[in-house]
Amino acid sequence: MGSMSELNVLLKRIPYKFKTPSLLDSRAFIGGRWTPAASGATFPVYDPADNQVAYKIANVSRAEVKTAIGAAQTASKQYKQLTHRNRKNLLREWTNLIKGNRDDLAAICTLELGKPITESYTTVDYGISFLEWFDGEIERLYGETIPAARGSNRIMTSREPQGVVAAVTPWNSPVAMILRKVGAAISAGNAVVLKPAPETPMCAIAIAKLFEQVDYPEGTLNIVTGDAAASVDIGDEMCHNPAVRHLSFTGSTSVGKFLNTECAKHLKKTSMELGGNAPFIVFEDANIEKAVDGLIACKFRSSGQTCVCANRAFVHHSIIEEFTERLQKTVDGLFKYGSVWDPDVNFGPLYSSRGVEKAKAHQEDAVSKGAKIISGGFIKEDLGPNFYVPTILTGGPSQEMRSWTQETFGPVMHLTPFETEEEVIKLANTEESGLASYFYTEDISRVWRVSEALETGMVGVRTGLVSACEQPFGGIKESGIGREGSKFGVEDYTNIKSITVGL
Ligand SMILES: NC(=O)c1ccc[n+]([C@@H]2O[C@H](COP(=O)([O-])OP(=O)(O)OC[C@H]3O[C@@H](n4cnc5c(N)ncnc54)[C@H](O)[C@@H]3O)[C@@H](O)[C@H]2O)c1
Ligand SMILES: O=CCCC(=O)O
């Protein structure tokens, strides 16, 4: 772990007493051993509440990633021999440890991501829900029997583990994004080398500390930590090391496209959970009160930092005045700001000054093109440099704004009026991303028509929240390849083998 003095500084800066302080570690986890970087290099993790360095983490090199992949390869051969029931029992033990350490995990999430503590509990519970779901799925990785055209033959299929899965995760929901991906890969019988985001490596480390307590073969889960520059080397090794059979990535579309192209050189399987630009449509027949609540939940949870957050909001011109008024009143009265450790606080800072810069740039761009701020539009400097408040804009040519083509990934939202269903579907589908979309209507035939017309992998109808462990999560177009969660999320980490037997 880091030096005692570094750990003491960390523990003093937060009003929380860890039940298991050993979950805080600065080392990578390779082949079942906790290891500092061979070079001794570290990188800083910042507390988004004040941009101060909270802790320093091992900055590993490519050679260490190679070792981790080798360890995973050895482990995967041993691990795949276990029965599905054995695997399920191991997963259950890990899940129970995570549940038992829920408070500490939520605290780490608040520390490194700046999530208000209540929201951190939600993301930890969301992560746990995936493990519980996979626990049920492990024993349902069924094969099939297929009638053969050549009458004397019989064909059956089975689902086999793929071997070594390399996983790369983002900062925005560090417990859930890791458990949704790593939990599925391990449930399917694979070993994993995980590279967490440089902003949030401590959640990954704590999760591995709990994994270590379960009797998995050494090397079944490896954590390689690195800063932005080291991440490029780590990614390169993951893409080109022949032992890696599947690269599973969650993050931006630009990085996903790059890694997918590298993996294609070796025909490696990839899972790509990429960026969104979700349209949120309120039709003239919608229940306005419910639509306002849905939009707020969709746009402002996690301070607007999820890939499925509404990015472009469309409201029918006949109700936009009433809708906007209600939205503004609700937003202005809903959020409590303050210390992220206060359980009553429900809106936190952005993850870093980079998040603030992007939200600010989108706001300034919209205003320069004629938009008006009707709520928010500023940073609560008294709380810290990253506390951007929920911001709503109206007016101006939406399609010319940066927030039309780019994911804001922050709490800034612009409302666009529309006239007809046909027009709004066209507008919603203009972008190359296709992750989530939402709409509110009370008309049942419109429910089907519009759901089918929207070009996204997920559609929320009369709800602003689609995320759930049982729901296939993922996008189409440039939002990705594959699905996470649900039965498909586990199947993605298996190979189908067909066996033909002659009579
Ligand atoms: N579809 C989904 O399920 C989903 C979920 C969460 C976030 N996201 C998307 O993620 C983005 C925000 O996250 P971000 O800013 O961390 O994204 P990012 O793409 O910058 O980083 C994601 C991860 O990739 C790593 N990375 C960057 N370059 C790399 C390289 N060359 N090789 C290997 N790893 C590399 C980063 O260190 C990080 O761990 C948004 O676009 C958001 O929509 C998508
Ligand atoms: O950021 C994207 C994932 C968050 C979620 O699963 O709801």
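This text follows the structure it describes.
Residues numbered from 1 in each chain as written. Chains lettered and ligands numbered in written order. Predicted model: local features only at pLDDT ≥ 70, side-chain atom pairs only at ≥ 80, totals over all residues. Heavy atoms only, no water.

Peer 1: When you look at the site of ligand 1 in this model, what are you seeing that I'm missing?
Peer 2: Close to ligand 1 lie 30 residues, the nearest being Thr169, Lys195, Ser252, Leu274 and Glu407. Measuring from an oxygen atom of ligand 1, one finds a side-chain N or O atom of Glu273 at 3.3 Å. Compared with its free state, where it exposes 830 Å², ligand 1 has 88% of that area covered by protein. Residue assignment for the shell around ligand 1 shows that the elements contributing at least two residues are helix 6 (174-187), helix 8 (228-240), strand 10 (244-250) and helix 9 (253-264). Of the residues in the shell around ligand 1, the class split is 17 nonpolar, nine polar and four charged. (Near = heavy atom within 4 Å. Polar contact = N/O pair within 3.5 Å; in protein donor to acceptor, adjacent residues only side chain to side chain. Areas by Shrake-Rupley, 256 points an atom, 1.4 Å probe, with all protein chains shown as cover. Helix = DSSP H or I, 4+ residues; strand = E, 2+ residues; numbered from the N terminus. Nonpolar A, V, L, I, M, F, W, Y, C, P; charged D, E, K, R; others polar.)

Peer 1: So what exactly am I meant to see when it comes to the side chain of Ser403 here?
Peer 2: Checked against the element boundaries, Ser403 lands in helix 13 (residues 402-405). Overall, the relative accessible area of 12% leaves Ser403 in the buried class. Those residues in contact with Ser403 that sit more than four places away from it in its chain are Asn277, Asn311, Arg312, His362 and Thr408. (Buried < 20%, exposed > 50% of the residue type's maximum accessible area, 1.4 Å probe, protein only. Contact = heavy atoms within 4.5 Å.)

Peer 1: Can you walk me through the pairing of strand 19 (residues 458-461) in this structure?
Peer 2: Two faces make up the sheet, and in a regular strand the side chains alternate between them. The side-chain alternation of strand 19 yields one buried face, formed by Met458 and Gly460, and one unburied face, formed by Val459 and Val461. In the sheet, strand 18 (residues 436-440) pairs with strand 19 via four bridges, with the strands oriented parallel. Residue pairing in the sheet places Tyr438 in a bridge with Gly460 of strand 19. Remark: the strand 18/helix 15 (residues 444-453)/strand 19 crossover connection has right-handed handedness. (Pairing = 2+ DSSP bridges. Right-handed = clockwise from strand over helix to strand, strands pointing away.)

Peer 1: Got a minute to help me understand a nonpolar patch on the surface in this structure?
Peer 2: A cluster of nonpolar residues, Met156, Ile499 and Val501, forms a patch on the protein surface that exposes about 230 Å² of accessible area. Relative to the helices and strands, Met156 resides in strand 6 (residues 153-161). (Patch = residues over 30% accessible without salt bridge, like charges linked within 9 Å, V, L, I, M, F, W, Y side chains within 5 Å. Salt bridge = Lys/Arg side-chain N within 4 Å of Asp/Glu carboxyl O.)

Peer 1: Honestly, the site of ligand 2 in this entry has me stumped. Any pointers?
Peer 2: Neighbouring ligand 2 are the residues Tyr126, Asn172, Met177, Arg180, Arg301, Thr306, Cys307, Val308, Ser467 and Phe473. In the model, an oxygen atom of ligand 2 is placed 2.7 Å from a nitrogen or oxygen of the Tyr126 side chain. Starting from 240 Å² of accessible surface for ligand 2 in isolation, the protein chains cover 97%. Taken together, the residues of the shell around ligand 2 sort by class into five nonpolar, three polar and two charged.

Peer 1: Would you mind showing me how to read the sheet that holds strand 15 (residues 391-394) here?
Peer 2: Hydrogen bonds along the backbone pair up the strands of a sheet, which may run parallel or antiparallel. Spatial ordering of the open sheet is given by 14-15-16-13-12-18-19, a layout of seven strands whose pairing is mixed. Because the sheet does not close on itself, it has two edges, and the strands there are strand 14 (372-375) and strand 19. Each strand of the sheet is rotated relative to its neighbour by a mean of 25 degrees, with strand direction disregarded. Here strand 14 runs beside strand 15; their pairing, made up of three bridges, is antiparallel. Paired with Ile373 across the bridge in strand 15 is Leu393. Strands strand 14, strand 15 and strand 16 (412-418) of the sheet are contacted by helix 12 (residues 353-368), whose axis makes an angle of about 25 degrees with strand 15. (Axes fitted to C-alpha atoms, helices over the stretch in contact; angles between N-to-C directions.)

Peer 1: Looking at this model, I keep getting lost on the pattern of salt bridges. Mind explaining?
Peer 2: One side chain can pair with another of opposite charge once the charged atoms of both are near each other. Within this structure, the stated rule accounts for 31 salt bridges. Residues Glu139 and Lys88 are paired through a salt bridge, measuring 3.6 Å at the closest nitrogen-oxygen approach. With a gap of 51 residues between them, Glu139 in the loop between helix 5 (117-138) and strand 5 (145-147) and Lys88 in helix 3 (residues 84-100) connect regions that are remote in the sequence. Where Glu455 meets Lys477, a salt bridge forms, and the shortest distance between an N and an O atom there is 2.8 Å.

Peer 1: Is there a simple way to think about unusual backbone geometry in this case?
Peer 2: The bulk of non-glycine residues show a negative phi, and the bulk of peptide bonds are trans. Even without glycine at this site, Ser302 takes up a positive phi of about 55 degrees. With respect to the helices and strands, the residue Ser302 is situated in the loop between helix 10 (288-300) and strand 13 (310-316). Of the residues examined, Ser302 reaches a relative accessible area of 9% and is grouped as buried. Even without glycine at this site, Lys477 takes up a positive phi of about 50 degrees. Here Lys477 lies in strand 20 (residues 476-477).

Peer 1: Teacher, can you tell me more about the pairing of strand 8 (residues 191-195) here?
Peer 2: Across the five residues that make up strand 8, a large majority, five, are buried. Burial along strand 8 is two-sided: Ala191, Val193 and Lys195 and Val192 and Leu194, pointing in opposite directions, are all buried. Alignment of strand 7 (residues 164-168) against strand 8, held across five bridges, turns out to be parallel. What sits directly across from Ala167, in strand 8, is Leu194. Between strand 7 and its parallel partner strand 8, the chain crosses via helix 6, and the hand of that crossover is right-handed. Where strand 8 lies against strand 9 (residues 221-223), three bridges are found, and the strand directions are parallel. By the bridge assignment, Val192 is partnered in strand 9 with Leu221. Chirality of the crossover, the property in question, places the unit of strand 8, helix 7 (residues 201-211) and strand 9 among those that are right-handed.

Peer 1: Explain the environment of Gly151 here, please?
Peer 2: Assignment of secondary structure puts Gly151 in the loop between strand 5 and strand 6. Once the C-alpha coordinates of Gly151 and Thr391 are considered, the two residues, 240 residues apart in sequence, prove to be 67 Å apart.

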